[in-house]
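Summary of structural features
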Amino acid sequence: MIPTLIRDIIPSAFLEEYVRKYQVFRFMFHKEIIPPIKHHYPRPEHSITFYINDKQNYEDTNLTIKPYPSCVINGIYTVPVHRHAGHDFLAIKVVLQPSTLYQLLRFPITILTNNFLDAESIWGNDVAMLCDRLKQEDDLDKMIICIESFLTIKMKKIHINFTPIDTASNWLLQQENNVSIDWLASQSCLSKRQFIRNFEKRIGVSAKTFERIVRFDKAYRLKNLHPQYDWLYIAIACGYHDYQHMVKDFKSLTELTPSSLSNLELQAPERHFGFSYLS
């Protein structure tokens, strides 16, 4: 049986152009315990997630709890999502490189902003068989091999055509520099108007919103990694103008102040097992 863990796994050499990493989450709660709600906040990523054991549920906008399908394709979120895990929770998330999902689906990713798709609606029986295989497997390495085989086949079937604009999202993701939209447009060999339109089509949000989510995510993870750091230090370290600038972004993206978010994070499911999700 796969032990309780949170683990990042790097993709194979062929897939690293398309996949940033695999993330594995494995928790088992005693039957008499109600698993804590996991409050997810905006992250600068597209993903494909496999829920392998108990069903994973989410709260919709009407506060109704609904089940996710076994394999979910997620766009970028700009709002919080509240998820309810089962007692036997095992999820493997494929975190994609920024423009990979657009290349795979071949439609504007704005459709998936703050939304998800059942992967079976896109890949049909192929993904259904993969989900069945994962449920039967009890070895994590073999599970990853199955997922990599599936992704490799999908990537080889389509003609991946990364263009200069796809590099722009990587610049923002890696925060290599405090670059302007004008500079990104010039590097993409596009006018500013063309860049704005094409970036949003590929990523699902504007470049400015993507940059805000990257900066917020960096601050959120830095506080988890170093809880002794004060918020002013984190604000400056993550590129905010000042503390109030950071508070404004936190409230916009999470509906909470930095301190309130940090306190809520202490109740996350992984904290029950002594983990702090940092990556």
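These notes cover the structure that comes with them. (Residues numbered from 1 in each chain as written. Predicted model: local features only at pLDDT ≥ 70, side-chain atom pairs only at ≥ 80, totals over all residues. Heavy atoms only, no water.)

**A short note on the overall build of the chain**
Inclusion rule: In DSSP terms, a helix is any run of H or I states spanning at least four residues, a strand is any run of E spanning at least two, and both are numbered starting from the N terminus. Based on C-alpha atoms, the radius of gyration is set beside the globule rule, defined as 2.2 Å times the residue count to the power 0.38. Exposed residues in this analysis have more than 50% of their type's maximum accessible area, buried residues have under 20%, and partly exposed residues fall in between, with area computed by a 1.4 Å probe over protein chains only. Contacts: residue pairs with any heavy atoms within 4.5 Å of one another. The protein chains shown are the only cover counted for residues, whose accessible areas, like all others here, come from Shrake-Rupley with a 1.4 Å probe. Note that His is not counted, nor are the chain ends; the positive residues are Lys and Arg, and the negative ones are Asp and Glu. We put the charge of a Lys on NZ, of an Arg on CZ, of an Asp on CG and of a Glu on CD.
Within the chain one finds 11 helices and 10 strands. Scaling as 2.2 N^0.38, a compact globule of 279 residues should have a C-alpha radius of gyration of about 19 Å, and the chain matches this with 19 Å. In the chain, which comprises 279 residues, the proportion classed as buried is 51%. The contacts of the chain with a sequence gap of at least 6 include a subset with a gap of at least 24, amounting to 72%. Carbon and sulfur atoms make up 52% of the accessible area of the chain, which totals about 13,500 Å². Averaging the positions of the 32 positive and the 30 negative side-chain charges in the chain gives two centres separated by 5 Å.

**As for the nonpolar core**
For soluble globular proteins, the rule of thumb is that nonpolar side chains tend to be buried together. Condition: Here, nonpolar core refers to any group of buried Ala, Val, Leu, Ile, Met, Phe, Trp, Tyr and Cys residues whose side-chain atoms link them within 4.5 Å.
Counting 38 residues, the largest nonpolar core has Tyr22, Ile48, Phe50, Val94, Trp123 and Leu151 as the members making the most contacts within it. Every element with two or more residues in this core is listed here: β1 (5–9), β2 (19–28), β4 (47–51), β7 (71–74), β9 (88–96), α1 (100–105), α3 (125–136) and α4 (140–157). In terms of residue count, α4 provides more of this core than any other element does, 8 residues in total. Counting residues in hydrophobic clusters, the runner-up holds 31 residues, among them Ala168, Ala207, Ile213 and Met246.

**Considering the sheet that holds β1**
Applied cut-off: In this scheme, strands are said to pair when DSSP sees at least two bridges between them. Structural elements are reduced to axes, namely lines fitted to C-alpha atoms, with helices fitted over the stretch in contact, and the angle between N-to-C directions of any two is expressed from 0 to 180 degrees.
Strand order in the open sheet formed by 6 strands is β1-β2-β9-β4-β7-β10, with antiparallel pairing between adjacent strands. Across the chains shown, the open sheet's two edge strands, defined by having one partner strand only, are β1 and β10 (116–118). Ignoring strand direction, the axes of neighbouring strands in this sheet form an average angle of 20°. Direction of pairing for β4 relative to β7: antiparallel, over a ladder of 4 bridges. What sits directly across from isoleucine 48, in β7, is isoleucine 73.

**Structural notes on the pattern of salt bridges**
Side-chain pairs of opposite charge can arise where the charged atoms are in close proximity. Stated formally: Here a salt bridge means any side-chain nitrogen of Lys or Arg lying within 4 Å of a carboxyl oxygen belonging to Asp or Glu.
Applying the stated criterion to the full structure yields 13 salt bridges. Residue lysine 66 is joined to aspartate 60 by a salt bridge in which the shortest nitrogen-to-oxygen separation is 3.2 Å. Since its relative accessible area comes to 15%, aspartate 60 is described here as buried. Across the pair glutamate 265 and arginine 271 runs a salt bridge, and its minimum N-O distance is 3.8 Å. Taken together, the salt bridges that share partners define one network made up of Arg43, Asp217 and Arg221.

**Things to note about the packing of helix α5 (residues 164–174) against helix α8 (residues 207–225)**
The geometry of a pair of packed helices is captured by two quantities: the angle between their axes and the separation between those axes. Definition in use: In these notes the angle categories are as follows: under 35 degrees is roughly parallel, over 145 is roughly antiparallel, 65 to 115 is roughly perpendicular, and the rest is oblique. Left-handed describes a crossing in which the near helix is turned anticlockwise from the far one by less than a right angle; the clockwise case is right-handed. Amino acid classes used here: Ala, Val, Leu, Ile, Met, Phe, Trp, Tyr, Cys and Pro are nonpolar; Asp, Glu, Lys and Arg are charged; the rest, including Gly, are polar.
Following both chains from N to C, one finds α5 and α8 inclined at 30°, their axes separated by 8 Å at the closest point. In terms of orientation, α5 and α8 fall into the roughly parallel class. Crossing of α5 over α8 shows right-handed handedness. For the pair formed by α5 and α8, the contact residues are Ser169, Leu172 and Leu173 on the first element and Ala207, Phe210, Glu211 and Val214 on the second. When its residues are assigned to classes, the contact of α5 with α8 shows 5 nonpolar, 1 polar and 1 charged.

**Some remarks on the environment of glutamate 17**
Of note, glutamate 17 is situated in the loop between β1 and β2. Through-space distance from the C-alpha of glutamate 17 to that of tyrosine 102 is 14 Å; in sequence the pair is 85 residues apart. When residues no more than four places from it in sequence are discounted, the contact partners of glutamate 17 are Gln97, Thr100 and Phe162.

**Comments concerning the packing of aromatic side chains**
Quick note on the threshold: By convention, a stacked pair of Phe, Tyr or Trp rings (six-membered ring in the case of Trp) has centres within 6.5 Å and planes under 30 degrees apart, an edge-to-face pair has planes over 60 apart, and any other such pair is tilted. Ring-over charges, as used throughout, are those where CZ of Arg or NZ of Lys falls within 6 Å of the ring centre and within 35 degrees of the ring normal.
Tallying each qualifying case throughout the model produces 19 aromatic pairs. Judged by centre distance (5.6 Å) and plane angle (40°), the ring pair of phenylalanine 195 and phenylalanine 199 falls under tilted. Pair noted here: phenylalanine 195 and phenylalanine 199 are both in helix α7 (residues 192–203), with a separation of 4 residues, about one helical turn. In this pair, the class of phenylalanine 195 matches that of phenylalanine 199, namely buried. An aromatic cluster is built from Phe27, Phe29, Tyr51, Tyr58, Tyr68, Phe89, Phe116 and Phe273, whose rings are joined through pairwise contacts. The cationic tip of lysine 156 hangs over the ring face of phenylalanine 14; the distance from NZ or CZ to the ring centre is 5.3 Å. A cation over an aromatic ring shows up here: lysine 223 above the ring of tryptophan 231, its NZ or CZ 5.1 Å from the ring centre.

**Quick look at α4**
Note the cut-off: Given a helix with a known number of residues, its expected span is that number minus one, times 1.5 Å. Side-chain atoms alone can form a polar contact between residues adjacent in sequence; in general such a contact is a pair of N or O atoms within 3.5 Å, and within protein one must be able to donate a hydrogen while the other accepts it.
When the terminal C-alpha atoms of α4 are compared, their 26 Å separation across 18 residues agrees well with the 26 Å that a helix rising 1.5 Å per residue should span. All of the buried residues in α4 are Leu140, Met143, Ile144, Cys146, Ile147, Glu148, Phe150, Leu151, Thr152, Lys154 and Met155. Backbone nitrogen of aspartate 141 and a side-chain oxygen of the N-cap are separated by 3.1 Å at the start of α4; the cap is aspartate 139.

**Remarks on the side chain of glutamate 148**
Structurally, glutamate 148 can be placed in helix α4. Here glutamate 148 occupies a buried position and makes no salt bridge, while the nearest side chain of opposite charge, lysine 156, is found at 11 Å. With sequence-adjacent residues up to four places away left out, glutamate 148 is seen in contact with Pro11, Ser12, Leu15 and Tyr22.

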